[in-house]
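Observations on the three-dimensional arrangement
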Amino acid sequence: KKIDAQHVAMAVVVQPMIDAQAAGVMFTANPLTGATDEIHIDSTWGLGTAVIAARWKPDHFVVAKNDLAIRERVIPNKTVMDVVSPEGGVQSIGVANDQQNAASLSDEQVVALASLGKQIETQFKETQDIEWCRVGDTIWVLQTRLLKKR
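The text that follows walks through the structure, step by step, so that each part is easy to find. This is a predicted model, so every value here is computed, not measured.

Glancing now at the environment of methionine 26. Among the structural elements, methionine 26 can be located in strand β1 (residues 22-27). Methionine 26 sits 35 residues away from phenylalanine 61 along the chain, and the two C-alpha atoms are 9.3 Å apart.

This next bit is on the side chain of threonine 28. Summarising the element assignment, threonine 28 is placed in the loop between β1 and β2 (38-45). Its relative accessible area of 0% is what places threonine 28 among the buried residues. In terms of polar contacts, threonine 28 uses its side chain to reach the backbone amide nitrogen of glutamine 128, at 2.7 Å. If near-sequence neighbours (up to four positions away) are discounted, threonine 28 is found in contact with Thr36, Glu38, Ile39, Lys65, Gly117, Glu121, Thr127, Gln128 and Ile130.

About the criteria used
- Residues numbered from 1 in each chain as written.
- Predicted model: local features only at pLDDT ≥ 70, side-chain atom pairs only at ≥ 80, totals over all residues.
- Heavy atoms only, no water.
- Helix = DSSP H or I, 4+ residues; strand = E, 2+ residues; numbered from the N terminus.
- Buried < 20%, exposed > 50% of the residue type's maximum accessible area, 1.4 Å probe, protein only.
- Polar contact = N/O pair within 3.5 Å; in protein donor to acceptor, adjacent residues only side chain to side chain.
- Contact = heavy atoms within 4.5 Å.

Have a look at this one:
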């Protein structure tokens, strides 16, 4: 940001914890190959902490960047999810039986998320690594950063 380090002061950010129904990470390019014609979305029920920490296998979607067609969908069994604890913090709980093999995002939500990813990539003029969460049909962007090429 071209700010002289001598003029930088410490700041504290306080933000609310979003009690997400689903969350995860989105890459606006293939994180393994660097292919820029696809968007990769990993998602799970509840908070995205387990996806980011790679504690269990998330739902995985690959979306064509040009027309937002879902090219690939892998929905593993999900028996545990992280949620906001009533006492504060995060706790792991069991996933309801009817949700364990269900996708944590509908096709419409996958497409809306991929579209948002394209917009963010256009804004920053670079491929992005985006953390997000969903409450109902509302998608919250929690963080975005440059997708580091491997």
